[in-house]
Structure formats: structure tokens, C-alpha cells
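Report on the structure
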Amino acid sequence: MRAPALLVVPAVLIALYGLTTLAAPGIGAPFLVDRFATLRIPTMAHLFAGPLALAAGALQFSGRLRTERPQLHRRLGWAYAVSVLISGIAGLFMARVSEGGAITHWGFGLLAVSWLVTTAMAVRAITRGDVDMHQRWMTRSYSLTFAAVTLRILLPIGLAAGFPFEAVYRFASWAAWVPNLAAVEWWRRRGGSPA
Ligand code: HEM
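These lines cover the structure that appears in this document, whether it is placed above or below. (Residues numbered from 1 in each chain as written. Predicted model: local features only at pLDDT ≥ 70, side-chain atom pairs only at ≥ 80, totals over all residues. Heavy atoms only, no water.)

1. Brief notes about the site of the ligand
Selection criterion: A single heavy atom is enough: if one lies within 4 Å of a molecule or strand, its residue is considered near that molecule or strand. Definition of a polar contact: a pair of N or O atoms within 3.5 Å, with one able to donate and the other able to accept a hydrogen when the atoms are protein atoms, and with sequence-neighbouring residues admitted only if both atoms are side-chain atoms. In DSSP terms, a helix is any run of H or I states spanning at least four residues, a strand is any run of E spanning at least two, and both are numbered starting from the N terminus.
Contacts to the ligand come from 27 residues, most closely from Tyr17, Ala29, Arg35, His46 and Glu99. Residue tyrosine 17 places a side-chain N or O atom 2.5 Å away from an oxygen atom belonging to the ligand. Within the side chain of arginine 35, an N or O atom sits 2.5 Å from an oxygen atom of the ligand. Contributing elements (two or more residues each) for the shell around the ligand: α1 (5-23), α2 (32-38), α3 (40-59), α5 (70-95), α6 (102-127), α7 (131-145) and α8 (147-160).

2. What to know about the nonpolar core
We apply this condition: We define the nonpolar core as a collection of buried residues of types Ala, Val, Leu, Ile, Met, Phe, Trp, Tyr and Cys that are connected through side-chain atoms lying within 4.5 Å of one another. Here the term buried applies to any residue with accessible area under 20% of the maximum for its type, exposed to any over 50%, and partly exposed to those in between, with areas from a 1.4 Å probe on protein chains only. Residues are treated as being in contact if the distance between any of their heavy atoms lies within 4.5 Å.
In this structure, Leu54, Tyr80 and Tyr142 are the most contacted members of the largest nonpolar core, which totals 34 residues. Beyond its immediate stretch of four places on either side in the chain, tyrosine 80 contacts Ala53, Ala56, Gly57, Trp115, Thr119, Met138, Ser141, Tyr142 and Thr145.

3. Looking at the environment of glycine 50
Along the polypeptide, glycine 50 turns up in helix α3. Taking the C-alpha atoms as reference points, glycine 50 and glycine 91, separated by 41 residues in sequence, lie 9.1 Å from one another. Not counting residues up to four positions away in its chain, the partners in contact with glycine 50 are Ala45 and Ser87.

4. Notes on helix α10 (residues 178-189)
Counted only if it meets this: Residue count minus one, scaled by 1.5 Å, sets the expected span of a helix. Each C-beta atom gives one direction from the helix axis, and the arc is the one those directions make.
Across its 12 residues, α10 extends 17 Å between first and last C-alpha, which sits within 8% of the 16 Å expected from 1.5 Å per residue. The set of residues buried in α10 consists of Asn180, Val184 and Glu185. What you see down the axis of α10 is that its buried residues fit within an arc of 130°, all on one side. Summarising the geometry of α10, the exposed residues directed more than 90 degrees from the buried face are Trp186 and Arg189. Structurally, α10 contributes buried residues whose contacts are with α7 and α8. Following α10 by one or two positions, glycine 191 adopts a phi angle in the positive range, close to 90°.

So this is what it looks like as C-alpha cells:
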């Protein structure tokens, strides 16, 4: 099975957007230039490693890659895990000062912690040879990585519906990831494949 286009295309587009904001913060969210000024290292680390995790992770759902190129799957897997570690810790620093106050501090903060924990659990499972558990935790981990995509779908919809930016952002800081996690749990319980 190939990695589904529905996963890879938006992941690559948002990864490119993330990398572009690294080179030109002005094209990103209105507060991004401010973050660069006050939290330079975490912001740069987040915007570099986050897109890598998003792109590398999407490819890992290809069944063909896992069976025909296991070495590449392992290398991409390590790249994903290290990227999550860097971007997740940086995201935690950024969550403390995110736009929107306590709601987004907690929303993004809990997302960062869940991202780090689910990824660590997946790595731990595979180092013990438990492939099934590894897939379960990686699916959870990537559903959280995918928050980068769902957030950027929710924001324009909320703004187009006429809601103020702060309200949409507060809502999206939770709605970008809680439903993703719930959806993969529901899918897995129904016996669906990881992809
Ligand atoms: C899944 C865990 C993630 C967490 C907890 C997280 C957290 C954050 C936080 C707190 C901010 C700053 C918000 C503010 O200052 O108000 C931010 C901004 C940003 N993040 Fe993440 N992030 C995550 C994943 C990703 C990924 C995978 C990407 C990949 C593209 C990404 C790309 C960005 C970009 C581009 C911004 C700048 C804002 C914008 O222009 O949209 N993030 N993130």
C-alpha cells in the first residue's frame, strides 16, 4: 500500500509553509515576527524540525516502504522521532507565550507533551520488538503531528465565518488535535489499518 495522497499532499504543503516561515517570518501568522524577536532559538528549532516531522511521518504510512525498504523506514523513523523531540520541546516553550492566553497555553502545551509522550512510547515499543504497539503509538503520534495541518484548515474557516482571530485561535489550539486523536482511536477500534 502507498502512503495515501490525502495524508502526504497536505503534509508536504504545510511542511513547505513551515520552512518558508523560517526564511521569511513575515509571511506567517501576525505574531511570528514577535516570536522570532523574543524566543529566537525555540522558534527556529520548532519551524525547522516541525516540517521535517510532518513530511517524514507521512511517508512512514506507506506499506511498501515498510516492507520493501525497511532500512529507509528505520532511518526516516529516527529522523521523525528526533524532529518531534526538538520541535516538541521548542513548542512547549512557545506554548507558554502563545497568542490567546491561558486557553492556548494549555491547548498547545498539552499537545506538545502528548506529542513527545506518544512518540517516546512508539520508539520504546519498537526497541523492544513490539511492532503492533509501535504502530499504535506512532499512529497516535502522527495524528498529533497532523494538528499542524488541521490547525491551518480550521483557522481560515473560522476567520471566513466572521469570528475574531483570538477566538478562532483559542478554539483551534484544542480542536486541531483532540478530534485527530479521537478519530485514530475510533478507527483502530473498528479494525482499520494505520494509514
Ligand atoms: C504537534 C505539536 C506542535 C505544537 C505543540 C506546536 C506549537 C506551536 C506553538 C505554541 C506555536 C506558537 C503560537 C503562538 O505564538 O501563538 C506554533 C507556531 C507554529 N508552528 Fe507549531 N506546533 C506543533 C507542530 C508543528 C508542526 C508539525 C509544524 C510543521 C509545519 C508546525 C509549524 C508551526 C508554524 C509555521 C508556526 C508559526 C505560526 C504560523 O505561521 O502559522 N508546528 N506552534
